[in-house]
Every structure is written in C-alpha cells, then in structure tokens.
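Breakdown of the fold
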Amino acid sequence: MATAIDQKHCHSGVTVTHAISHDDVILSTENLTKHFGALTAINGVNLRIGPGVHSIIGPNGAGKTTLFNLLTGFLAPDSGHVSYRGERISGLPPYAISQRGVARSFQITSIFAELSVFENVRVAVQSRLKASYNFLISHRSLKDVERKTAEILSRVGLENWADTTAKNLPYGLQRCLDIGISLATDPSLVLLDEPTSGVSREDTTNILQLIAAISRRLPVVLIEHNIDIVLSISDMITVLYQGVVLAEGPPAQVRDDERVQEAYLGGY
Amino acid sequence: MTENTSSRSRAILIGALLAMAVLFPHIAPYQALASEVLIFALFAVSYDLVLGYAGMLSFGHAAFFGLGAYGTGIFLVKMYPSVPLGLLTGLAVSTLAALFVGYASIRRRGIYFTMVTLAFAQMFYFIAFKWTGLTGGDDGLQGVPRPQLGPLDLGPEINLYYFVLVLVAVSVALIFRVVNSPFGKTLQALRENHNRAMSIGYDVDRFRLIAFIISGFFSGLAGGLYALLLHFVPLSALHWSTSGEVVVMSITGGMGTLVGPILGAVAIILLRDVISNYTESWNLVMGAIFMAAVLGFRGGIMGLLKWRR
Ligand SMILES: Nc1ncnc2c1ncn2[C@@H]1O[C@H](COP(=O)(O)OP(=O)(O)OP(=O)(O)O)[C@@H](O)[C@H]1O
Ligand SMILES: [Mg+2]
C-alpha cells in the first residue's frame, strides 16, 4: 500500500516532501545498498518509518546494525539514499544527522565510561547548543542544560545515580544510560539497537516500559531479537534476511507470514 | 554544602600554590631555575589539554614551544626590542603552526596521529637547523635581549621570575577555565568515546583541532618566555626530545588533572638540575622515571597522592 502511494506521487511529479508529511513518514530509504567486499550486507532496502514502534528483526548477520549505521551516517551507502523529513541525509556525517534530530543507541553499550552519569547526559543535552564551543565560560553556568539533564535522568530512572562514574553502573542501568544519552539530544526519531541484549529479566521490563513511554512522544525504530517482545511492543515490523526485506507489516501479519516462519522464526 | 567546602579547599590550595610560587626563587638553588620550572609547568599544562583532556598523544609539541621561542627571539634580535611585541610574535607563529599541523593531523587516530605530529615537528627542526641566517642553526639564536618593560627592568633574574609568574599564573588559570567550560567538557566526552560523541552531534574533529590550537598557543608562550630566560634559543627547543620531555612531565605528574603536569614539571626540572651535576646521561634517567611512572604508579604523582588519602 505504502509503496503504491509513493509511486503514484513520484509519477505525478509531486515532491517527496509532500508525500512524506501526508503519509506521516519521518524517515525513508530508497533502494539502500551496502557492500562489504563480496558481501551485500544491505540489498535494495526500501523502508518507511512512521509514528510508534517500528521493529527491525532478522537473524544474526541479517544487516540490522548495518542498516542503522547507514541511517545515522556511520556508513555511506553504495547506492540508494536515506531521506529524513524530506531531506536527503545519506552522505552527511553522523554529527550532522544527530543535529537534525535522529538519535541512536548502540548494540554494544556506548557511554562515556570515566565520566559521571550526570555528565554523560549533560554533555548530550549540551550538544544542541552553540555554547559547546565556548571555552571561556563555566559549564555550570548553563543552568537550562542542568535542569534538562536532571529531567532526563529521572525519565530513565537514574536520578539516584547521578554522581556515579558511568563504568561503575550495573550493566542494566548502563543500557538505560545509553538510551538516556540518546534522548538528551532532544530527538524527533530514536533508533535503538538491541537495548535489552544481555539484560536481566527485571531490567528488561524497565527498559520496555521506557521504550513504550518514548514511543508515545516519538517514533522509535527498534532492533530486537526476542520475538515475544517484538510482537507485543511493535506497531510495525520489518523482517530483514541477508540484507533483503523479507516481509513487512503489523505484528499479526508478520507472525503469520509463511516465509518469515520458514526463514527466520523456524530457525529459533 | 559539598560545593562550598570544595570551593573553599580549592581557594586554600590556590593560595598555598601562589605563596609557594612567590617564595620559590628564594629557596631554589638559583633564580633562573625557578623561572625554568614555571615555564615548563606552563608547557606541561598546555600539553595536558591535548593529551589528558582530548586524549591526543601529540609527539610534536616541541614545534610550538620552539617556534614560540624562535618567533620571540628573532623579533627581539632582528626587528624591535619590545618584550610584549616579541611574545606576541612568538604566539602568532606557534598558533599558526598549531593550526597547520593540527589541520593536517587531526583526522588521524592513535599512533598515526602521533607520527604525523612528530613528522611536522621534525620538519620545523630541520628548517631551523638549515636556515642559519635566521635562526643561528646549530649554535642556536644568540643574544636575545630583555628590553625594559615600562617601569620594569627585566634584566635581574628575580624581576624576570615575577614577570614569568604573572603570565604563567594567568595562563594556567585560563586553561583551568577551558577544561571546565562547555568546550572542555565536550573534549572529555570525545576522549572517552569518539563514536558516541559523534552520534550525539559533536563535530569531533573540529573540537580536536580547536584544542590543539589552544594548546599550541600556550606552548608558544612558554617557548617565548624560555627565549627571554636564556637570552638565547637553543636548537634543542625544537628537538623531538623536548616533545618527549613534556610527555614525560604530563604522564609522571598525572595527565588529565592540570595540577599533575605542574608537579611533573617541577619534579623533572629540579631532578634534571641535580642529576646533571653527576652524569651526562639525563635522558637515560628520564626514561627510567617514565617507565616507573607508566608501570609502577599509574595516574602519576596525582594518582599517588589520591591513593595515600
Ligand atoms: N564494517 C564491516 N566490515 C565488513 N563486514 C561487516 C561490517 N559490518 C558488518 N559486516 C558484516 O555484514 C553482515 C551484517 O552485519 P550486521 O552487524 O549488520 O548484522 P546484524 O543483523 O546487526 O547482526 P546481529 O544480530 O548479530 O547484531 C555480517 O555478515 C557482518 O559480518
Ligand atoms: Mg547487530
């Protein structure tokens, strides 16, 4: 359906911007392709991300993380492109994409290990300001930044850990901090790469609640291996297999798709 | 509460340091040695901005120290006898060099960055070595004057010391400000995690470049003061071993603390003065200190102090 709309607009010469705002699509890709030597990690992927939780699933090595790296500028596509709010962002460096409002977390926890939990989030909040280049004022003078930091910390449940050095946080809370850093950049779209991997059952519950809360405000793209989680939390699911989109649709439809069951779910 | 106590204890610490600095030339073996300690303390603090805060292991900082010294010295010898203008010339030369070297090296990481900075520093060394007419080549630049500065006669060593003390104190205060600014905090974040810093919107290379330039600026000031102190610019100011020395001071003192590199500079310069009475192989001794610092007490002198507490 979505593809049909897109094509109609293209043929009738209506700009992509219009099609996107009309369709509530905030980010889309067109024929996105990435090779690593002989391996095609992402192969002609067309993706349309709208409100709610959009999960990307697929077996190990399917290309999920590579897709995130293409969306956030950590890799440049070999062909195809990425559009965000009607602007082509593929080819931009990661910091420019972040400045436009796309935030991500990493599959392997990525925080500022030797800095305090508070500073981890504070520096992310500060990233929205030109004052980040100011070397003649005290960082404590940015009172709005400190307020916003405290707010983010309580949103991700870390308000009592502010002074802890990040590397000393329990693992589950490090994952929360990673999400907090992403939220602190005041994004309009959040990409989370396996936020619950390696996390205890209890912490997983917390993180899922956090994701649900985020998705009420912002579109969330979620890479997740646990199929029960995916089926319960997602509004839309894209199944990647060997770099190709194998199926796409709401949870019930993807669950019942025979090819998905064969290629992916059967393997579990 | 804690903030009050910490700001009070910081005020006490700064007061004590300044009091010591004022008394220092009177207890040092000779007054020029006291000035030399301060000059290298400034050099080490400037360097710490790059190594300790931005996490960039430059092995080319002799370039900025040496060019600051030559810029100041050449201006005073060949152009006009004015200390402020001489120092400004040295600062301009070293800052431009930092811009140039930084621009060419900043995109490289790890050992590649280190090698590029070393290569540029070596290039400046050979230019100074060959361009005898301007620099005095191997003999160094002789006869750098210390012209009167308004009412202040910089001739006596004790007067020069207090002049150096004021400039070094102001510079170190400024560098403290820099590391505790929004900019300085960003440097620490990108030192910790380059990719994460990029992914939250920081143009990491630009921050690295600015840090490098600020560091080159203050290293150049240290070099300019060195030319005044010695009445002379030795070619060795540009030699790679000068880069090595500032690395050792920073790491021995405890990098990423600013106070640590000051202590490192004090310890190394005083020790060098004592040991050079007994042996020619100072570099060997310094190498041993360095090994001890890296292997035996990580975190340097600052680490030891914290550990004792
Ligand atoms: N930088 C790279 N260079 C070469 N090959 C790569 C690179 N990054 C990923 N690959 C390869 O591309 C394929 C897709 O990797 P990717 O990390 O995107 O998979 P994934 O779906 O995230 O898997 P997982 O579930 O294990 O995280 C894999 O075969 C991987 O080995
Ligand atoms: Mg992955």
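Below: a short report on this structure.

Examining the overall build of chain B
The secondary structure content of chain B amounts to 14 helices and zero strands. Written out in order from the N terminus, the α and β elements of chain B read α-α-α-α-α-α-α-α-α-α-α-α-α-α. A principal-axis box enclosing the C-alpha atoms of chain B has dimensions of 50 × 40 × 40 Å. Buried positions account for 52% of the 309 residues belonging to chain B. Sequence-distant contacts in chain B: of pairs separated by 6 or more residues, those separated by 24 or more amount to 77%. The averaged location of the 13 negative side-chain charges in chain B is 13 Å from the averaged location of its 19 positive side-chain charges.

Here we look at the coordination of the magnesium ion (ligand 2)
All names here are of chain A. Protein-derived ligands of the magnesium ion (ligand 2) are T65 (OG1) and Q107 (OE1), with the metal-ligand distances lying across 2.0 to 2.1 Å. Highlighted residues: T65 in helix 3 (residues 64-71) and Q107 in the loop between strand 6 (102-104) and helix 5 (117-126), separated in sequence by 42 residues. Given the relative accessible area of 25%, T65 is considered partly exposed.

Looking at the interface of chain B and chain A
Counting residues at the interface gives 28 residues for chain B, matched by 36 residues for chain A. Each partner contributes to the roughly 2600 Å² buried at the junction of chain B and chain A, and carbon and sulfur atoms together form 64% of this total. Of all residues in chain B, B:P182, B:R196 and B:I200 bury the most surface against chain A, accounting for 26% of the area lost on that side. Where chain B meets chain A, there are one salt bridge. The partner of B:R196 in a salt bridge is A:D178, and the shortest N-O contact between them spans 2.7 Å. If you look at where chain B meets chain A, you find 23 residue pairs in polar contact (both at pLDDT 80 or more). For the side of chain B that touches chain A, the elements supplying multiple residues, two or more each, are helix 7 (157-179), helix 8 (182-192), helix 9 (194-199) and helix 10 (204-230) of chain B. For the side of chain B that touches chain A, the leading source of residues is helix 8 of chain B, giving eight residues.

So, the pattern of salt bridges
Residues and elements named next belong to chain B. The tally for this structure, following the rule as stated, stands at 16 salt bridges over all chains. The salt bridge involving D205 is made with R109; its shortest N-O contact spans 2.9 Å. Placement of D205 in helix 10 and of R109 in the loop between helix 4 (83-105) and helix 5 (110-130) is noted, with a sequence separation of 96 residues between them. One connected set of salt bridges, linked through shared partners, spans E36, E245 and R272.

Some thoughts on helix 13 (residues 282-295) of chain B
All names here are of chain B. Here helix 13 is 14 residues long and its end C-alpha atoms lie 20 Å apart, about the 20 Å a rise of 1.5 Å per residue gives. Buried residues of helix 13: W282, M286, I289 and A293, and no others. Take helix 13 and look down its axis: the buried residues cluster within an arc of 60 degrees, on one side only. Across helix 13 from its buried face, at more than 90 degrees, point the exposed residues L284 and L295. On the buried face of helix 13, the contacting elements are helix 11 (240-253) and helix 12 (259-275).

Describing the sheet that holds strand 5 (residues 87-88) of chain A
Residues and elements named next belong to chain A. Taken in spatial order, the four strands make up an open sheet running 2-1-4-5, and their pairing is antiparallel. At either margin of the open sheet sits one strand with a lone partner, and together these are strand 2 (39-49) and strand 5. Judged from the two bridges that link them, strand 4 (residues 79-84) and strand 5 form a sheet pairing that is antiparallel. Residue pairing across strands places S83 opposite R88, the latter belonging to strand 5. Running over the sheet, helix 3 touches strand 1 (27-36), strand 2 and strand 4 and is turned about 115 degrees from strand 1.

Some details on the site of ligand 1
Residue and element names in this part refer to chain A. As a structural note, the neighbourhood of ligand 1 is formed by 14 residues, with N60, K64, T65, T66 and Q107 the closest of them. G61 places a main-chain nitrogen or oxygen 2.9 Å from an oxygen atom of ligand 1. Protein coverage of the free-state accessible area of ligand 1, which is 630 Å², stands at 61%. Elements supplying a minimum of two residues to the shell around ligand 1: strand 2 and helix 3. At three residues, helix 3 tops the list of elements feeding residues into the shell around ligand 1. Partitioning the shell around ligand 1 into residue classes produces five nonpolar, seven polar and two charged.

Analysis parameters
Residues numbered from 1 in each chain as written. Chains lettered and ligands numbered in written order. Predicted model: local features only at pLDDT ≥ 70, side-chain atom pairs only at ≥ 80, totals over all residues. Heavy atoms only, no water. Helix = DSSP H or I, 4+ residues; strand = E, 2+ residues; numbered from the N terminus. Buried < 20%, exposed > 50% of the residue type's maximum accessible area, 1.4 Å probe, protein only. Contact = heavy atoms within 4.5 Å. Lys, Arg positive; Asp, Glu negative; His and termini not counted. Charge placed at Lys NZ, Arg CZ, Asp CG, Glu CD. Donors = N, O, S within 2.8 Å, 3.2 Å for Na, K, Ca; no water. Buried area = accessible area lost by both parts, 1.4 Å probe. Salt bridge = Lys/Arg side-chain N within 4 Å of Asp/Glu carboxyl O. Polar contact = N/O pair within 3.5 Å; in protein donor to acceptor, adjacent residues only side chain to side chain. Expected span 1.5 Å × (residues − 1). Arc of directions from axis to C-beta. Pairing = 2+ DSSP bridges. Axes fitted to C-alpha atoms, helices over the stretch in contact; angles between N-to-C directions. Near = heavy atom within 4 Å. Areas by Shrake-Rupley, 256 points an atom, 1.4 Å probe, with all protein chains shown as cover. Nonpolar A, V, L, I, M, F, W, Y, C, P; charged D, E, K, R; others polar.

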